[in-house]
Amino acid sequence: MNRDYLNLIFSGFLFLLFTLTLIEALTFSQLAQFFPLYISIAGAILTFIYFITQVLTIYKQKKEEGNVTIIPLLQPLKYIGWIVGYLLLVFLTGLLLATTIFLFIFLIFESKMKLISAGISVACVLIGISLLSSALDIYWPTNLLGF
């Protein structure tokens with residue numbers, strides 16, 4: 001498998017994720033569905049456009065039969081795992097704690113950030129989430145136990 005096919009698989013996964021969130025947002029009450037519905041629609045449209053452009057690029061490359069590099073399948077699956085892990089963390093611990101844990105671990109392991117830089121970044125994100133929550137009067141998802 002080459003990099004283009006793996007990119008295609010990952011963008012297909014993102015399209016599927018945005019489509020599923022769009023379907024889920026339709027079950028919300030009318031006032032609650034505004035933000036998630038439109039973000040999901042925008043994400044689904046943009047990832048679909050990207051998916052189609054990738055298909056066309058691969059088709060053009062197949063016609064030319066250029067350089068094909070083989071890379072392992074596990075590289076894009078690692079990032080899909082990060083996304084699924086974050087969603088599971090949100091489900092188990094709630095949004096704020098999950099965001100703190102996920103972002104800190106992701107920045108340390110994937111971005112190779114130093115502890116201080118990662119801590120500052122996480123603090124900035126949490127401040128932004130808190131400001132959004134108070135400005136828009138949003139209640140973020142809680143965990144399985146309801147707190």
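Scroll up to find the structure.
Residues numbered from 1 in each chain as written. Predicted model: local features only at pLDDT ≥ 70, side-chain atom pairs only at ≥ 80, totals over all residues. Heavy atoms only, no water.

**Comments concerning the overall build of the protein**
Going by this rule: Secondary structure is summarised from DSSP: a helix means a run of H or I of at least four residues, a strand means a run of E of at least two, and numbering begins at the N terminus for each. Using a 1.4 Å probe on the protein chains alone, a residue whose accessible area is under 20% of its type maximum counts as buried, one over 50% counts as exposed, and one in between counts as partly exposed. Whether two residues are in contact is decided by their heavy atoms: any pair within 4.5 Å suffices. In these tables, accessible area is a Shrake-Rupley quantity obtained with a 1.4 Å probe, and a residue counts as shielded only by the protein chains included in the view.
When you go through the protein residue by residue, the secondary structure sums to five helices and zero strands. Start at the N end of the protein and walk to the C end: the helices and strands fall as α-α-α-α-α. With 147 residues in all, the protein has 20% of them scored as buried. If you take every contact in the protein between residues at least 6 apart in sequence, the share linking residues at least 24 apart comes to 63%. Working note: accessible area of the protein is about 10500 Å², and carbon and sulfur atoms make up 75% of it.

**Digging into the environment of L8**
Structurally, L8 is set in helix α1 (residues 3–25). On the basis of relative accessibility, which here comes to 17%, the residue L8 falls in the buried class. With 47 residues separating them along the chain, L8 and V55 place their C-alpha atoms 7.4 Å apart. Residues within four places of L8 in sequence aside, it is in contact with F51, Q54, V55 and I58.

**Let's talk about a nonpolar patch on the surface**
Note the cut-off: For patches, a residue must show more than 30% relative accessible area and have no salt bridge; joins then use 9 Å for like charges and 5 Å for nonpolar side chains, namely Val, Leu, Ile, Met, Phe, Trp and Tyr. For this analysis, a salt bridge means a side-chain nitrogen from Lys or Arg found within 4 Å of a carboxyl oxygen belonging to Asp or Glu.
Judged by side-chain polarity, L97, I101, F104, I105, F109 and L115 come together as a nonpolar surface patch covering roughly 530 Å² of accessible area. Tallying contributions element by element places helix α4 (residues 95–109) first for the nonpolar patch, with five residues. Position of L115 relative to the elements: it lies in helix α5 (residues 115–136).

**Thoughts on the packing of α4 against α5**
Where we set the bar: Every angle, taken between N-to-C directions, lies between 0 and 180 degrees, and every axis is a line fitted to C-alpha atoms, over only the stretch in contact when it is a helix. Here the word oblique covers every angle except those under 35 degrees (roughly parallel), over 145 (roughly antiparallel) and from 65 to 115 (roughly perpendicular). Note on convention: the crossing is left-handed when the near helix lies turned anticlockwise from the far helix by less than a right angle, right-handed when the turn is clockwise. Gly counts as polar in this scheme, as do all residues outside two lists: the nonpolar Ala, Val, Leu, Ile, Met, Phe, Trp, Tyr, Cys and Pro, and the charged Asp, Glu, Lys and Arg.
Contact pair α4 / α5: the axes reach a minimum separation of 9 Å and the direction vectors enclose 150 degrees. Taken together, α4 and α5 sit at an angle that is classed as roughly antiparallel. Between α4 and α5 lies a crossing whose hand is right-handed. Mapping the contact onto sequence places L96, T99, T100, L103, F104, L107 and I108 in α4 and L115, A118, G119, S121, V122, V125, L126 and I129 in α5. In the contact of α4 with α5, the residues fall into eleven nonpolar, four polar and no charged.

**A few points about the side chain of S40**
As for its placement among the helices and strands, S40 is situated in helix α2 (residues 34–64). The contacts of S40, once residues within four sequence positions are left out, are F18, T21 and L22.

**A few points about the packing of aromatic side chains**
Basically, it comes down to this: Each Phe, Tyr or Trp ring (for Trp, its six-membered ring) is paired with any other whose centre lies within 6.5 Å, and the angle between the two planes then decides the class: stacked below 30 degrees, edge-to-face above 60, tilted in between.
All chains considered together, the criterion is met by six aromatic pairs. Each ring, one from W82 and one from F102, has its centre 5.8 Å from the other, and the planes form 70 degrees; the classification is edge-to-face. Of the two residues, W82 sits in helix α3 (residues 74–93) while F102 sits in helix α4, which places them 20 residues apart along the sequence. With a centroid separation of 5.6 Å and an interplanar angle of 25 degrees, the aromatic rings of F102 and F106 are classed as stacked.

Note that every value here comes from positions in space, so none of it alone points to a role or purpose.
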